Amino acid sequence: MNVVAQVFAVLAGLLHVLIFTMESVLFRRPQVHGRFRVRSQDLDAVRPWAFNQGFYNLFLALGALGGVVAVHTGHAAVGSAVALFGCACMLGAAVVLVATDRRMARAAVIQGLTPLVALAAALLAG
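Participant: Sorry, what's going on with the overall build of the protein chain here?
Facilitator: In terms of helices and strands, the protein chain carries 5 helices and 0 strands. A globule of 126 residues ought to have a C-alpha radius of gyration of about 14 Å, and the protein chain, at 15 Å, matches this closely. Summarising its shape, the C-alpha atoms of the protein chain cover approximately 50 × 25 × 15 Å along the three principal directions. When the accessible area of the protein chain is evaluated, it comes to approximately 7300 Å², of which 70% is carbon and sulfur surface. Distance between charge centroids for the protein chain: 6 Å, based on 9 positive and 4 negative side chains.

Participant: Would you mind going over the pattern of salt bridges with me for this structure?
Facilitator: A side chain of one charge can pair with a side chain of the opposite charge if their charged atoms are brought near each other. This model, assessed by the stated rule, comprises 3 salt bridges. The partner of arginine 39 in a salt bridge is aspartate 42, and the shortest N-O contact between them spans 2.9 Å.

Participant: Quick question: what am I supposed to make of the layout of surface pockets here?
Facilitator: Rolled over the atoms, a probe with the dimensions of a water molecule shows which regions are left empty. Quantified by volume, the largest pocket comes out at close to 900 Å³. Taken together, 27 residues make up the lining of the largest pocket; nearest its centre are Glu23, Phe36, Leu97, Met104 and Ala107. Going through the elements one at a time, α1 (3-25), α3 (43-71), α4 (76-100) and α5 (105-125) are the ones with two or more residues in the lining of the largest pocket. Residue composition of the lining of the largest pocket, by class: 16 nonpolar, 5 polar and 6 charged.

Participant: So what exactly am I meant to see when it comes to the environment of alanine 118 here?
Facilitator: Relative to the helices and strands, alanine 118 is located in helix α5. Judged by relative accessible area, which is 0%, alanine 118 ranks as buried. Sequence separation of alanine 118 and valine 3 is 115 residues, and the distance between their C-alpha atoms is 9.4 Å.

Definitions and cut-offs
Residues numbered from 1 in each chain as written. Predicted model: local features only at pLDDT ≥ 70, side-chain atom pairs only at ≥ 80, totals over all residues. Heavy atoms only, no water. Helix = DSSP H or I, 4+ residues; strand = E, 2+ residues; numbered from the N terminus. Rg over C-alpha atoms; globule rule 2.2 N^0.38 Å. Areas by Shrake-Rupley, 256 points an atom, 1.4 Å probe, with all protein chains shown as cover. Lys, Arg positive; Asp, Glu negative; His and termini not counted. Charge placed at Lys NZ, Arg CZ, Asp CG, Glu CD. Salt bridge = Lys/Arg side-chain N within 4 Å of Asp/Glu carboxyl O. 1 Å grid on protein atoms, 1.4 Å probe; cavity = no way out; pocket = protein on both sides within 12 Å on 5 of 7 lines; lining within 4 Å. Points joined across faces, edges and corners; volume = space filled by probe spheres on them. Nonpolar A, V, L, I, M, F, W, Y, C, P; charged D, E, K, R; others polar. Buried < 20%, exposed > 50% of the residue type's maximum accessible area, 1.4 Å probe, protein only.

Structure representation (structure tokens):
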């Protein structure tokens, strides 16, 4: 896994830790749930879903970050596979987001750009 792929996998992981924090920890704040297009009156109904979704994002982040750590601790093939699988899942989620609601295109680009660059860098190098 080349350096560019590693850097962007780490950036993707860190971004998804932030998304986890927003969805699972800070979601009740109006400025946070508003970013997800959730109205205050719908918060009680949506909150359990957001909490769960946040953990999906955390687990993808841990895959990308843990994979890069594994690359640097003598497990290059396994680490690359885990990190790039996490990035592929992140990119897939971004595609589903924009396909579901075009108004979320900006969020999908934010969510999907770093894992896309990590995947492209890895594929073009190998």
